[in-house]
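As a plain string of letters, each chain reads:
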Amino acid sequence: METKIYTIETIEEAGQALKNGQIVAFPTETVYGLGAIASNEQAVSSVYQVKGRPSDNPLIVHVSTIEQVIKVVESFPLAAKKLTNVFWPGPLTIILPVREGVFAPSVTGGRKTVAFRMPDHSLALALISACQEPIVGPSANKSGRPSPTKVSHVMDDFDGQIAGICDGGMTQIGLESTVLDLSDPEQFSILRPGFVSREAIEEVLGLNIHVASEKESAAKDEAPRAPGMKYRHYAPETPVMALSPNGDAWQAHIKSLNKQGNKIAILANQTLVDHFASQVHATYSLGQEGDIQSMAHHLFDGLRQLDKSGAQVILVESSEDSQLGLAYMNRLKKAVKAD
Ligand code: TXA
Ligand code: MG
């Protein structure tokens, strides 16, 4: 199969491919997603298959209107109304109880809830409008790999295996959406941290939000809260080590890894990159020191590029565990653990 590149001019054609049951990747403000019509069981199954995704890990349904959510859920609570008013379109996914039989059974991975999101990207919204139906959109990477922020990342993983990719250039945020579970009225929980912070959600709702711990959301029992979190994730082939942005620690690690004959790659702020470039095999700059938005924007591209550099270890700058830093560290810790 030839994987076509679609633009806004050919978006109707991309919508038609989806209607025909094919898979089309699309850009969002977070990362690229693998689109398929959410009510088409055969199309959704082929998304799991091509990604190599475990069948108990449910997919996010992407909509272009609030009505597409309201008409399929059991109820649309006030909290959902307030949050979607403020954050949609945008990087917040909400989980709600859904009516039976609306979506292909594999969308929910056997659950009674569905995750919904309205992406803040004109191509994504145009694609959903073109097929007049909600589409699933797991990140467009092979299961376990870093999420894609560029068309070339999607091509690396799926060239020849999907009908096409809508080209929106590099995605803006670079980390996946915040996943917020609203299905239990007693306690709302963040299952995956993202660009929309806990503080921002608490401000809109005027109440405290629980942030599921790594342990809680990743528990390997039969019903983990956020099934995606228990799997190997975000990992390049090359082993990854996280280091805080302290020049002395970097110097010590680079020295000892070089002594052991390791080819080192570093993914760090511009100052560290400039300082250590001559002592390592490859570098990728995350931007100016302390710029967490730039770090989030570049993390997955950096991991993918350095994975191709021939290095034997990738040293990655860590950040503080708060606000967007919490989302960044959530991904980085998984890339480290996977080795
Ligand atoms: O930013 C994003 O959310 C991107 C873009 C493409 O929209 N999509 C994305 O999808 O990251 P995916 O499939 O890679 O991650 C979805 C996460 C998984 O961790 C999954 O387990 C969780 O959401 N999830 C989906 N439906 C759920 C449900 N009903 N209950 C609990 N967790 C759910
Ligand atoms: Mg993913």
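Further up the page is the structure itself.
Positions within a chain are numbered from 1, following the residues in the order the chain's sequence is written. Starting at A for chains and at 1 for ligands, labels are handed out in the order in which the entities are written. In keeping with the predicted nature of the model, local features appear solely for residues at pLDDT of at least 70, side-chain atom pairs appear and are counted solely at 80 or more, and the whole-chain, interface and lining totals rest on all residues. Note: side-chain values were computed over all heavy atoms of the structure, leaving out hydrogens and water.

S.K.: How do you make sense of unusual backbone geometry when you look at a structure like this?
M.R.: Backbone phi values are negative for most residues with the exception of glycine, while trans is the configuration of most peptide bonds. The step from W88 to P89 runs through a cis peptide bond, and the omega angle for that step is -10°. Helix and strand assignments come from DSSP, with helices taken as H or I runs of at least 4 residues and strands as E runs of at least 2, each series counted from the N terminus. With respect to the secondary-structure elements, P89 resides in the loop between α4 (78–87) and β5 (92–97). The phi torsion at Q132 lies on the positive side, around 60°, for a residue other than glycine. Inspection of the secondary structure assignment puts Q132 in the loop between α5 (122–131) and β7 (135–136). For Q132, a relative accessible area of 59% corresponds to the exposed category. Here the phi dihedral of Q323 falls at roughly 50°; this positive angle occurs in a residue that is not glycine. Residue exposure (1.4 Å probe, protein chains only): buried if accessible area is under 20% of the type maximum, exposed if over 50%, otherwise partly exposed.

S.K.: Just to check I follow, could you spell out the pairing of strand β9 (residues 178–181) for this structure?
M.R.: If a strand is regular, its side chains alternate between the two faces of the sheet. Residues T178 and L180 of β9 are buried on one face, and the alternating residues V179 and D181, pointing to the opposite face, are buried as well. The pairing of β5 with β9 spans four bridges and is parallel. By the bridge assignment, I94 is partnered in β9 with L180. When DSSP finds at least two bridges between two strands, those strands are taken to pair.

S.K.: Where do I start with the state of the cysteines in this structure?
M.R.: A covalent bond between the sulfur atoms of two cysteines is referred to as a disulfide. To count as a disulfide, a pair of cysteine sulfur atoms needs to be within 2.5 Å. In total, this model carries zero disulfides according to the counting rule given. In this structure C131 is a free cysteine whose sulfur lies 10 Å from that of C166, the closest cysteine sulfur available.

S.K.: Which parts of the structure should I look at to understand the pairing of strand β6 (residues 113–117)?
M.R.: Within β6, four of the five residues are buried, leaving the element largely enclosed by the surrounding structure. Sheet topology places β5 next to β6; four bridges connect them, and they run antiparallel. Within β6, the residue paired with I95 across the bridge is A115.

S.K.: Quick question: what am I supposed to make of the sheet that holds strand β2 (residues 24–26) here?
M.R.: The pairing of strands in a sheet happens through backbone hydrogen bonds and is either parallel or antiparallel. Spatially, β1-β8-β2-β3-β7-β4-β6-β5-β9-β10-β11 is the arrangement adopted by the eleven strands of the open sheet, whose pairing is mixed. Because the sheet does not close on itself, it has two edges, and the strands there are β1 (4–6) and β11 (210–211). Pairing geometry for β1 and strand β8 (residues 164–166), over three bridges, is parallel. If you follow K4 over to β8, its bridge partner there is G164.

S.K.: How should I be thinking about the pattern of salt bridges in this particular structure?
M.R.: A side chain with one charge can pair with a side chain of the opposite charge if their charged atoms come near. Put simply, a salt bridge is a Lys or Arg side-chain nitrogen that is within 4 Å of an Asp or Glu carboxyl oxygen. Scanning the entire structure with this criterion turns up ten salt bridges. Of the charged contacts, one joins K4 and E13 as a salt bridge, the two residues approaching to 3.4 Å between their closest N and O atoms. Judged by relative accessible area, which is 38%, E13 ranks as partly exposed. Among the salt bridges present, the one from D307 reaches R145, with a minimum N-O distance of 3.7 Å. Of this pair, D307 sits in helix α11 (residues 292–307) while R145 sits in the loop between β7 and α6 (151–158), placing them 162 residues apart in sequence.

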